[in-house]
Amino acid sequence: MRGRMKKIVLSIMCLGIMLWLPISIHAATQNQVTVKGFRYTYKEIGNKSCWITKIEIVNPSGASVMKVPETLKGNKVTQIGWDIPTSKNYAGYIKSVFGTYWGEDGYAPKKAYKNTKLIKQVILPTSIEEIKDGCFLHVKNLEKINLPKKLKKLGISPFAQCDSLKRIKVPKSLITNAEVLCDRTWTKFEISKKNKKYKVKNGFSISKDGKKLYGEIKKMDNGLIPKGITKIQSGSLVQNSYKKLYIPETVTSIAKLTLDFKSETQFSVSSKNPYYACDKNCLYSMRSGRLVAATVKNGIVEISDKVTSLKLGTSFAGGKVKKMIIPKTVTMIQGDWSQERTTEAKVYCYTKTALIRNEFNYDFGWKLYVPKALYSTYIEFLRKDIQMNCLVVCKL
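Since this is a predicted model, take the numbers as computed values, not measurements.

### Side note on the overall build of the protein
For the protein, the helix and strand inventory stands at three helices and 33 strands. Residue burial in the protein is summarised as follows: out of 396 residues, 46% are buried. In the protein, once contacts between residues fewer than 6 apart in sequence are set aside, the share between residues at least 24 apart is 36%. Summed over all atoms, the accessible surface of the protein reaches about 21300 Å², with 52% contributed by carbon and sulfur.

Listed below in structure tokens is the structure:
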């Protein structure tokens, strides 16, 4: 009987310890300390290091310059930024280190957002190795910030909507995700010459070996992609409304939708490039015949007869397409290839055969003009496919 009682007592003690441990550990790793008008919430992450997860302004009168401490209660500050929840109920928004975010009613919490407008300069300690996603989101009046000498990693959009921030210098230590700085343009963008991964050329951030294009770092009317670049990656050209964009002989790959611009960009390609060429305001692949990008001139797109296929991921430079001419050389059209840029357009299709495939959906509201010999084929197709009743077919 005594042995049984001992087992029960031990079980209760073990359960108590198990329930107490997470609470005590959490309490030990979640701390707050106020330094020179700012309240820092942080958690210990081992090796006498800590992660600042939130900053609150407690003294607005001295908030124009925020100097983040290198240590908090003996713990070296190595990370800064909001601690994104791992809960399945997490809504998906990103908060700044000040706890602000964009909600249904605008910026929230309103008081915290109002206080961030007081900050004009942030001085980060050299101990910081990582800046988290959206760390300084919408700090509207931030004019100056340093990237620490030991910084190794940047999160997504660390300075998004920091409208007053125009200058930045990338240290030699930053070799992971520095391309996120290309989500905006800068008046002055420097990269340490000792950085082994990144460098600047022709207004672009590129890899040290000169082969990868990461993004634009300044406003440009005329874009001259550096010779040596082999791949234009997705999202690498998003900040500028180019008047002209030149592609050198070395480019062998252009990601889908990468050349989608609001402006009527004039594309040009080196005559020595064996992969891409331009004709009739169209950039196309010489290997596959795929249309890569088309310039919309006054609402009109005339597809070059060098093009043989229209596939998903085609870019358009300019406004909405009102009229489009498809030449007889095109033998394949893929569903949703124009990403709704040609909705309600008049389309003059001179193809030799009816381009009807099971996977093919014409854009909503097309008024499609086809050769007389193919008219009945298209009409029969429309009768069989009720989903295509948004398409109007006419004879050329």
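### A few points about the nonpolar core
Core analysis: the biggest nonpolar cluster contains 45 residues, and Ile-52, Ile-80, Ile-131, Phe-136 and Phe-159 have the highest contact counts within it. A per-element tally of this core places strand β3 (residues 49-57) first, with four residues. Those residues in contact with Phe-159, other than ones at most four positions away along the chain, are Phe-136, Ile-145, Leu-147, Leu-165, Ile-168, Leu-181, Arg-184 and Trp-186.

### Describing the packing of aromatic side chains
Think of a pair of aromatic rings as described by two things: how far the centres are apart, and how the planes are tilted against each other in angle. Tallying each qualifying case throughout the model produces ten aromatic pairs. Where Trp-102 meets Tyr-107, the ring centres are 4.8 Å apart and the plane angle is 80 degrees; that geometry is what we call edge-to-face. Centroid distance Trp-186 to Phe-189: 6.3 Å. Interplanar angle 50 degrees. Geometry classified as tilted. For Phe-189, a relative accessible area of 11% puts it in the buried group.

### Notes on the sheet that holds strand β28 (residues 315-317)
Here we have four strands laid out as an open sheet, ordered β23-β24-β25-β28, and mixed in their pairing. Across the chains shown, the open sheet's two edge strands, defined by having one partner strand only, are β23 (276-279) and β28. Geometrically, the sheet is characterised by an average inter-axis angle of 20 degrees between neighbouring strands, direction not taken into account. Examined bridge by bridge, β23 and strand β24 (residues 282-285) share four bridges and lie antiparallel to one another. Considered in β24, the bridge of Ala-277 is made with Tyr-284.

### Concerning the sheet that holds strand β15 (residues 198-201)
Taken in spatial order, the five strands make up an open sheet running β15-β16-β17-β19-β21, and their pairing is mixed. At either margin of the open sheet sits one strand with a lone partner, and together these are β15 and β21 (253-254). Bridge count between strand β19 (residues 231-232) and β21: two bridges; the pairing is parallel. Looking at β21, one finds that Lys-231 is bridged to Ser-253.

### Overview of the confidence of the model for the protein
Regions with low pLDDT carry predicted coordinates that are not meant to be interpreted in detail. For the protein, per-residue confidence averages 87 on the pLDDT scale, and 87% of positions sit at 70 or higher. Confidence over residues 1-28 falls short of pLDDT 50; this stretch has one contact with residues more than four positions distant or in other chains.

### Let's talk about helix α3 (residues 372-384)
For α3, the complete set of buried residues consists of Leu-374, Tyr-378, Phe-381 and Leu-382. Around the axis of α3, the buried residues are gathered within 95 degrees of arc, so they sit on the same side. Across α3 from its buried face, at more than 90 degrees, point the exposed residues Lys-372, Ser-376, Arg-383 and Lys-384.

### Considerations on the pattern of salt bridges
Under the criterion given, the structure shown has eight salt bridges. Of the charged contacts, one joins Lys-132 and Glu-130 as a salt bridge, the two residues approaching to 3.2 Å between their closest N and O atoms. Here the two residues Lys-132 and Glu-130 agree in accessibility, since each one is buried. Linking Lys-280 and Glu-302 is a salt bridge whose minimum nitrogen-to-oxygen distance equals 3.5 Å. Of the two residues, Lys-280 is situated in the loop between β23 and β24 and Glu-302 in strand β26 (residues 300-302); the sequence distance between them amounts to 22 residues.

### Details of the environment of Asp-221
Looking at where Asp-221 falls in the secondary structure, it is placed in the loop between β17 (212-216) and β18 (222-224). Sequence separation between Asp-221 and Tyr-242 is 21 residues, and the spatial gap between their C-alpha atoms is 4.7 Å. Dropping the residues within four chain positions of it, Asp-221 is found in contact with Tyr-242, Lys-243 and Lys-244.

### Regarding the side chain of Gln-79
You can see Gln-79 is positioned in strand β6 (residues 75-80). In this structure Gln-79 comes out as buried when scored by relative accessible area, which is 16%. Polar contacts involving the side chain of Gln-79 include one to the side chain of Lys-132, which spans 2.9 Å. With sequence-adjacent residues up to four places away left out, Gln-79 is seen in contact with Ile-45, Cys-50, Trp-51, Ile-52, Glu-130 and Lys-132.

### Examining the environment of Glu-264
With respect to the element layout, Glu-264 can be found in the loop between β21 and β22 (266-269). Separated by 52 residues in the primary sequence, Glu-264 and Phe-316 have C-alpha atoms spaced 8.7 Å apart. Setting aside residues up to four positions removed in sequence, Glu-264 forms contacts with Tyr-242, Lys-243, Thr-295, Val-296, Lys-297, Asn-298, Ala-317 and Gly-318. Here Asn-298 takes part through its backbone nitrogen, which lies 3.2 Å from a polar atom of the side chain of Glu-264.

Reading the values: rules and limits
- Residues numbered from 1 in each chain as written.
- Predicted model: local features only at pLDDT ≥ 70, side-chain atom pairs only at ≥ 80, totals over all residues.
- Heavy atoms only, no water.
- Helix = DSSP H or I, 4+ residues; strand = E, 2+ residues; numbered from the N terminus.
- Buried < 20%, exposed > 50% of the residue type's maximum accessible area, 1.4 Å probe, protein only.
- Contact = heavy atoms within 4.5 Å.
- Areas by Shrake-Rupley, 256 points an atom, 1.4 Å probe, with all protein chains shown as cover.
- Core = buried A, V, L, I, M, F, W, Y, C linked by side-chain atoms within 4.5 Å.
- Phe/Tyr/Trp six-rings, centres within 6.5 Å; stacked < 30°, edge-to-face > 60°.
- Pairing = 2+ DSSP bridges.
- Axes fitted to C-alpha atoms, helices over the stretch in contact; angles between N-to-C directions.
- pLDDT = per-residue confidence, 0-100.
- Arc of directions from axis to C-beta.
- Salt bridge = Lys/Arg side-chain N within 4 Å of Asp/Glu carboxyl O.
- Polar contact = N/O pair within 3.5 Å; in protein donor to acceptor, adjacent residues only side chain to side chain.

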